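# Structural description and commentary
Residue strings, one per chain:
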Amino acid sequence: MRLVLLGAPGSGKGTQSQRLVEHFGIPQISTGDLLRAAVKAGTPLGIAAKAIMDAGKLVDDRTMLGIIRERLAQPDVANGFILDGFPRTLAQADGLHKLLTELHKPLSAVVQLEVDYDLLFKRISGRRSCQDCGRVFNIHTAPPSSPPPCDGRCTAPNLVQRVDDSEATVSKRLQVYEDQTRPLVDYYLQRGLLRTIDGDGDPQAVTQRLSSALEG
Ligand code: ADP
Ligand code: ZN
């Protein structure tokens, strides 16, 4: 299964990806996580990307395609993968298509998680992640006290808020999504790959919709 999860910031791509990883045993490839790891490690990529990410803008397409090309060369994608946060522009979608054609690994489906603007805002403002293992929580809907704690490695999650989850940056990111990423809905619709599901509701319910969309 080679999947793209499409949706605005806060639509639940990360949460649903984590659940699919457990279910299908294929890796989640989150370009946001890859970039944040580069920032943390202080690599040249990380240094260049940090200011762009903090401002809620997009890292350039060439760089992103390079990151994805490298990641898709790893052996753990043999049985498939879940792309979370990539592609985010039409140029990235075209680049991905070329790359996957080269690799003889076409996409199985693209699932769009649809969530309205107010809920996106609320979710992002409540989002916290564990600094140690990266697991994501929400102080409104999925507090860290609810099991399971992290992924078994951390007994006490060390919660932080992302710099780019501040209110001003969130509206910028939602605008960037509308302008640059929303056109991918049509792009994948025309290619017969798109399935749209309602991303509102608790994570379990969304996972159920996602599973039915993948079976159908
Ligand atoms: P979210 O989906 O909540 O916005 P991500 O963790 O996916 O968060 O991305 C965080 C930031 O990383 C983005 O705002 C952007 O600056 C950068 N980024 C992630 N993926 C891409 C991408 N495919 N193209 C360009 N920039 C990206
Ligand atoms: Zn943790």
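First things first, this report covers the structure right here in the doc. (Residues numbered from 1 in each chain as written. Chains lettered and ligands numbered in written order. Predicted model: local features only at pLDDT ≥ 70, side-chain atom pairs only at ≥ 80, totals over all residues. Heavy atoms only, no water.)

To continue, consider the site of ligand 1. Close to ligand 1 lie 19 residues; Thr31, Arg36, Lys57, Gln92 and Arg173 are nearest. The separation between a nitrogen atom of ligand 1 and a polar side-chain atom of Gln92 is 2.9 Å. For ligand 1, the protein covers 97% of the area, taking 540 Å² as the surface of the free molecule. Ranked by the residues each element gives to the shell around ligand 1, the list is headed by helix α2 (residues 31-41), at four residues. When grouped by side-chain class, the residues that make up the shell around ligand 1 number seven nonpolar, four polar and eight charged. (Near = heavy atom within 4 Å. Polar contact = N/O pair within 3.5 Å; in protein donor to acceptor, adjacent residues only side chain to side chain. Areas by Shrake-Rupley, 256 points an atom, 1.4 Å probe, with all protein chains shown as cover. Helix = DSSP H or I, 4+ residues; strand = E, 2+ residues; numbered from the N terminus. Nonpolar A, V, L, I, M, F, W, Y, C, P; charged D, E, K, R; others polar.)

Now for the layout of surface pockets. One number sums up the size of the second largest pocket: a volume of about 190 Å³. If you go around the second largest pocket, the residues you meet are Leu34, Ala37, Ala38, Thr43, Leu45, Gly66, Ile67, Glu70, Arg71 and Gln74. Among the elements of the structure, α2 and α4 (61-71) are those that each provide at least two residues to the lining of the second largest pocket. Counting residues per element, the lining of the second largest pocket draws most heavily on α4, at four residues. Class assignment for the residues of the lining of the second largest pocket results in five nonpolar, three polar and two charged. (1 Å grid on protein atoms, 1.4 Å probe; cavity = no way out; pocket = protein on both sides within 12 Å on 5 of 7 lines; lining within 4 Å. Points joined across faces, edges and corners; volume = space filled by probe spheres on them.)

Between its first and last C-alpha atoms helix α5 (residues 90-102) spans 18 Å; for 13 residues at 1.5 Å apiece the expected length is 18 Å, and the two agree. Residues of α5 that are buried include every one of Gln92, Ala93, Gly95, Leu96, Leu99 and Leu100, and no others. Seen end-on, α5 carries its buried residues on one side only, within an arc spanning 165°. α5 presents Lys98 and Glu102 as exposed residues on the side facing more than 90 degrees away from its buried surface. In the core, the buried residues of α5 are packed alongside β1 (2-6), α4, β3 (81-84) and α8 (183-190). Directly beyond the C-terminal end of α5, a positive phi value near 55° is found at His104. (Expected span 1.5 Å × (residues − 1). Buried < 20%, exposed > 50% of the residue type's maximum accessible area, 1.4 Å probe, protein only. Arc of directions from axis to C-beta. Contact = heavy atoms within 4.5 Å.)

What follows deals with unusual backbone geometry. Following Phe86, the chain continues to Pro87 via a peptide bond in cis, the omega torsion being -5°. With respect to the element layout, Pro87 can be found in the loop between β3 and α5.

Bringing the side chain of Ser129 into the picture now. Tracing the backbone shows Ser129 in strand β5 (residues 127-130). According to the relative accessible area criterion, Ser129 is buried, its value standing at 17%. Sequence-distant contacts of Ser129, that is, excluding residues within four places in its chain, are made with Gly134, Arg135, Val136, Asn158, Leu159 and Val160.

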